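Below are the chains, spelled out letter by letter.
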Amino acid sequence: ENEGIPNAHPYLNLGSAGQSMALSAVAAQKLLGAHLSGSWVAMGHSQGGHAALAAAQFSDLAKSLAPKLQYKGAVAVAPASNLVDALNLMSQSIAEEPLALKSFVQLATLNFYASYLVQGSSFARKPIDPKIVFGARMQEVHKKANTCLDAYAKTVSEDIAVYVQKRRPATEYTGVITAEINKPEVSSILKAMKPGTVKIPGKTLI
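Residues numbered from 1 in each chain as written. Predicted model: local features only at pLDDT ≥ 70, side-chain atom pairs only at ≥ 80, totals over all residues. Heavy atoms only, no water.

Caption draft 1: A look at the sheet that holds strand β1 (residues 39–45). Strand order across the open sheet formed by 3 strands is β1-β2-β3, with parallel pairing between neighbours. Edge positions in the open sheet fall to β1 and β3 (203–205), since each of these has one partner strand only. Taken over all neighbouring pairs, the strand axes of this sheet differ in orientation by 15 degrees on average, direction set aside. Looking at chain direction, β1 and strand β2 (residues 70–77) are connected through 7 bridges and run parallel. Directly across from Gly44, in β2, lies its bridge partner Ala76. The sheet strands contacting helix α2 (residues 47–57) are β1, β2 and β3, and the helix crosses β1 at an angle near 150 degrees. (Pairing = 2+ DSSP bridges. Helix = DSSP H or I, 4+ residues; strand = E, 2+ residues; numbered from the N terminus. Axes fitted to C-alpha atoms, helices over the stretch in contact; angles between N-to-C directions. Contact = heavy atoms within 4.5 Å.)

Shown next, in the form of structure tokens:
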């Protein structure tokens, strides 16, 4: 861990994703320029779809570093977006059938997704405080959120599985506090991670 650099994966951080994609195009141009036309597009699925749209917003960076590059567009397959709305919809679904098995599956998804977003916000100018948006149980689980995505998703699911054995409703799990997610000081950070809120160049296929 380097001083001043958060020990976290910048999950769905718009600036990090967009600059990484743009700089990848620059690197390809420098390495294989003689074999490439200079035209480039960004493509990705889910988190990668988010990155593809972010690439559009940062395509001018690529052009400034490698003038021969010509950004043409993005293909975003099921891009991660509308993060606050997604968290609210999952919470609402759980509340409708708090004892159903599918609600506990949704509970694991909700808490993993929110926790990884909070960890990714470490790169924001004002990170989200996990002690504000999570209850006691998820605060402990969140301490392990600096692991790889698949490993952490398993960690969250395993904690939900332990909770299920208590035969208590999903709504009583001390995880994401939806009311705190919706407060401006938190929702504004998540909304800033949303791609496509400005006019982007080229053609875009979603």
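Caption draft 2: Representation of helix α4 (residues 83–96) in the model. If you check α4, its first and last C-alpha atoms are 20 Å apart, about what 14 residues at 1.5 Å a residue would give, namely 20 Å. Contact partners of the buried residues in α4: α5 (101–120), α9 (178–181) and α10 (184–192). (Expected span 1.5 Å × (residues − 1).)

Caption draft 3: Region of the structure containing the nonpolar core. Leu12, Leu87, Tyr113, Leu117, Tyr152 and Leu190 are the most contacted members of the largest nonpolar core, which totals 36 residues. Of all the secondary-structure elements, those providing two or more residues to this core are α4, α5, α7 (136–142), α8 (149–164) and α10. At 10 residues, α5 tops the list of elements feeding residues into this core. Once residues lying within four places of it in the same chain are set aside, the contact partners of Leu87 are Leu110, Tyr113, Ala114, Leu117, Ile181 and Leu190. Listed in part, the 16 residues of the second largest apolar core include Ala25, Val26, Trp40 and Ala52. (Core = buried A, V, L, I, M, F, W, Y, C linked by side-chain atoms within 4.5 Å. Buried < 20%, exposed > 50% of the residue type's maximum accessible area, 1.4 Å probe, protein only.)

Caption draft 4: Molecular detail of the packing of α4 against α10. Running from N to C, α4 and α10 point in directions that differ by 120 degrees, and their axes come no closer than 8 Å. Between α4 and α10, the crossing angle belongs to the class labelled oblique. Every residue of α10 that contacts α4 at Leu83, Val84 and Leu87 is listed here: Ser187, Leu190 and Lys191. Its residues assigned to classes, the contact of α4 with α10 shows 4 nonpolar, 1 polar and 1 charged. (Parallel < 35°, antiparallel > 145°, perpendicular 65-115°, else oblique. Nonpolar A, V, L, I, M, F, W, Y, C, P; charged D, E, K, R; others polar.)

Caption draft 5: The environment of Ser121, seen in detail. Mapped onto the secondary structure, Ser121 falls in the loop between α5 and α6 (130–133). As for Ser121 and Asn13, which are separated by 108 residues in sequence, their C-alpha atoms are 6.9 Å apart. If we skip the residues at most four places from it in the chain, Ser121 touches Pro127, Ile128 and Ile189. A polar contact is formed between the side chain of Ser121 and the backbone oxygen of Val118, at a distance of 2.7 Å. (Polar contact = N/O pair within 3.5 Å; in protein donor to acceptor, adjacent residues only side chain to side chain.)

Caption draft 6: Expanded view of the pattern of salt bridges. For the structure on display, the rule yields 5 salt bridges. With a closest N to O distance of 2.9 Å, Glu140 and Lys143 form a salt bridge. According to the relative accessible area criterion, Lys143 is exposed, its value standing at 59%. Of the charged contacts in the structure, one is a salt bridge between Glu180 and Lys183, with a shortest N-O distance of 3.2 Å. Residue classification places Lys183 among the partly exposed positions, given a relative accessible area of 35%. (Salt bridge = Lys/Arg side-chain N within 4 Å of Asp/Glu carboxyl O.)

Caption draft 7: Expanded view of the side chain of Ser103. Structurally, Ser103 is set in helix α5. Exposure remark for Ser103: the relative accessible area of 2% places this residue in the buried category. Apart from the residues within four sequence positions on either side, Ser103 is in contact with Ser93, Ile94, Glu97, Pro98 and Ala170.

Caption draft 8: Quick peek at the layout of surface pockets. Estimated volume of the largest pocket: approximately 210 Å³. Taken together, Asn13, Leu14, Gly15, Gln57, Phe58, Ser121, Phe123, Ala124, Arg125, Ile189, Ala192 and Met193 make up the full set of residues lining the largest pocket. For the lining of the largest pocket, the secondary-structure elements that each account for two or more residues are α1 (14–32) and α10. Residue classes in the lining of the largest pocket are distributed as 7 nonpolar, 4 polar and 1 charged. (1 Å grid on protein atoms, 1.4 Å probe; cavity = no way out; pocket = protein on both sides within 12 Å on 5 of 7 lines; lining within 4 Å. Points joined across faces, edges and corners; volume = space filled by probe spheres on them.)

Caption draft 9: Quick peek at unusual backbone geometry. Phi angles above zero are rare outside glycine, and Ser46 is one such case at about 60 degrees. In this structure Ser46 comes out as partly exposed when scored by relative accessible area, which is 31%. At Ala78, a position not held by glycine, the phi torsion is positive, near 45 degrees. Structurally, Ala78 is set in the loop between β2 and α4.

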